[in-house]
Amino acid sequence: NKDNNGNSYFAAKRTATVTITERPNHFDQNDATKRIKIIAKDLKGNSINDSYTISNWKTVVNKSNPDKSTHTATISFNKDANYNFSIGYTDKAGNVNSAVKTNNSVAPYKFTVDTTAPTGMIKAVSAEGRTEECDKLCNSLRFGYWSNKKIGISSTSSDMTSPIAKVEYYKHVSKNAKDATKALTVKELDNIKTWSEFKGFEVSSNEQFTVYLKITD
């Protein structure tokens, strides 16, 4: 499958098909499975248990040339993780495999599967010492937070698997009564092209607004 602009990060689960060419009486499927080495870790370096499965081997016998018989297994990378993958094989006669052919595979040996969106929180602190936090998109707005001095806006963000690539914000200034009560929908936010890099900011002028945060891993 295709990664994110060539960076070896995949937003969908992956599979790998492994084929070993060997005469049937020299092939040991248990040993072949053991020779598949996979390391799966999260962003902090913790191991991810049960992150993949390896199918049984399917053998296709070449009767005219037994050395051309194939043995194929499928590896399913089932969980979000940073993967390192390798394979090698030595047959019962002691012959070591030649160079592994990966054909047109994208990032076959080292890659990240991350199907989960990052999480985050936006925090507002007024000069008077009042604090409000929000970690989800609301359907309606109450505008129950105010200050007659200034408000500081900050955020936190995290992801279990991938580093955070960017944090952006959009400040929607209320122009009428409807703006002050109706939150923007996901579709409306997706259509906005004027997101700005978020580094935190303060507001001290007279305005009524809503801040939306977009976190991308």
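Scroll up for the structure.
Residues numbered from 1 in each chain as written. Predicted model: local features only at pLDDT ≥ 70, side-chain atom pairs only at ≥ 80, totals over all residues. Heavy atoms only, no water.

Let's shift gears to the overall build of the protein. Within the protein one finds 2 helices and 15 strands. The globule rule puts the C-alpha radius of gyration for 217 residues at 17 Å, and the 26 Å found for the protein is more than 25% above it. Along the first, second and third principal axes, the C-alpha set of the protein runs to 85 × 30 × 25 Å. Of all 217 residues assigned to the protein, the portion counted as buried reaches 29%. A sequence separation of at least 24 residues applies to 73% of the contacts in the protein between residues at least 6 apart. (Helix = DSSP H or I, 4+ residues; strand = E, 2+ residues; numbered from the N terminus. Rg over C-alpha atoms; globule rule 2.2 N^0.38 Å. Buried < 20%, exposed > 50% of the residue type's maximum accessible area, 1.4 Å probe, protein only. Contact = heavy atoms within 4.5 Å.)

What follows concerns the side chain of D91. With respect to the helices and strands, D91 occurs in the loop between β7 (81-87) and β8 (110-113). Of the side chains with opposite charge, R23 lies nearest to the buried D91, which makes no salt bridge, at 7.6 Å. A polar side-chain atom of D91 sits 2.8 Å from the main-chain amide nitrogen of N95. When neighbours within four sequence positions are excluded, D91 is seen to be in contact with E22 and H26. (Lys, Arg positive; Asp, Glu negative; His and termini not counted. Salt bridge = Lys/Arg side-chain N within 4 Å of Asp/Glu carboxyl O. Polar contact = N/O pair within 3.5 Å; in protein donor to acceptor, adjacent residues only side chain to side chain.)

Another point: the packing of aromatic side chains. One pass over the full model with this rule turns up 12 aromatic pairs. For the ring pair Y169 and F198, a centre distance of 5.5 Å and an interplane angle of 75 degrees mean the geometry is edge-to-face. One end of the pair, Y169, is in strand β12 (residues 166-173); the other, F198, is in the loop between β13 (196-197) and β14 (201-203), and 29 residues separate them in sequence. For the pair formed by Y169 and F198, the shared burial category is buried. Three or more aromatic residues joined by ring pairs form one cluster here, namely F10, F77, Y83, F85, Y109 and F111. Residue placement shows R14 over the ring face of F10; its charged tip is 3.8 Å from the ring centre. One Lys or Arg, K171, reaches over the ring of F209 and ends 5.2 Å from the middle of that ring. (Phe/Tyr/Trp six-rings, centres within 6.5 Å; stacked < 30°, edge-to-face > 60°. Lys NZ or Arg CZ within 6 Å of the ring centre and 35° of its normal.)

Among the structural elements, R14 can be located in strand β2 (residues 14-21). Nearest to the buried, unbridged R14 among oppositely charged side chains is D3, at 7.6 Å. At 2.7 Å, the side chain of R14 and the backbone oxygen of V106 are in polar contact. Ignoring anything within four residues of it in the chain, the contact list for R14 reads N1, I75, S76, F77, V106, A107, F111 and V113.

Let us look at the sheet that holds strand β9 (residues 119-126). Spatially, the 4 strands line up as an open sheet ordered β10-β9-β11-β14, and their pairing is antiparallel. Each edge of the open sheet is held by one strand with a lone partner, namely β10 (131-134) and β14. Strand-to-strand twist of the sheet, defined as the mean angle between neighbouring strand axes without regard to direction, takes the value 20 degrees. In this structure, β9 lies alongside β10, joined through 4 bridges in antiparallel fashion. (Pairing = 2+ DSSP bridges. Axes fitted to C-alpha atoms, helices over the stretch in contact; angles between N-to-C directions.)

With that settled, the discussion passes to the nonpolar core. Of all hydrophobic cores here, the largest spans 20 residues; its most connected members are I36, I38, W57, I75, F77, Y83 and F85. Sorting the residues of this core by element identifies β2, β3 (36-41), β6 (70-77), β7 and β8 as the ones contributing at least two each. Take this core: its biggest share by element is 4 residues, from β7. For I36, the residues in contact, after removing those within four places along its chain, are I54, W57, I75, F85, S86 and I87. Listed in part, the 13 residues of the second largest apolar core include I151, I153, V203 and F209. (Core = buried A, V, L, I, M, F, W, Y, C linked by side-chain atoms within 4.5 Å.)

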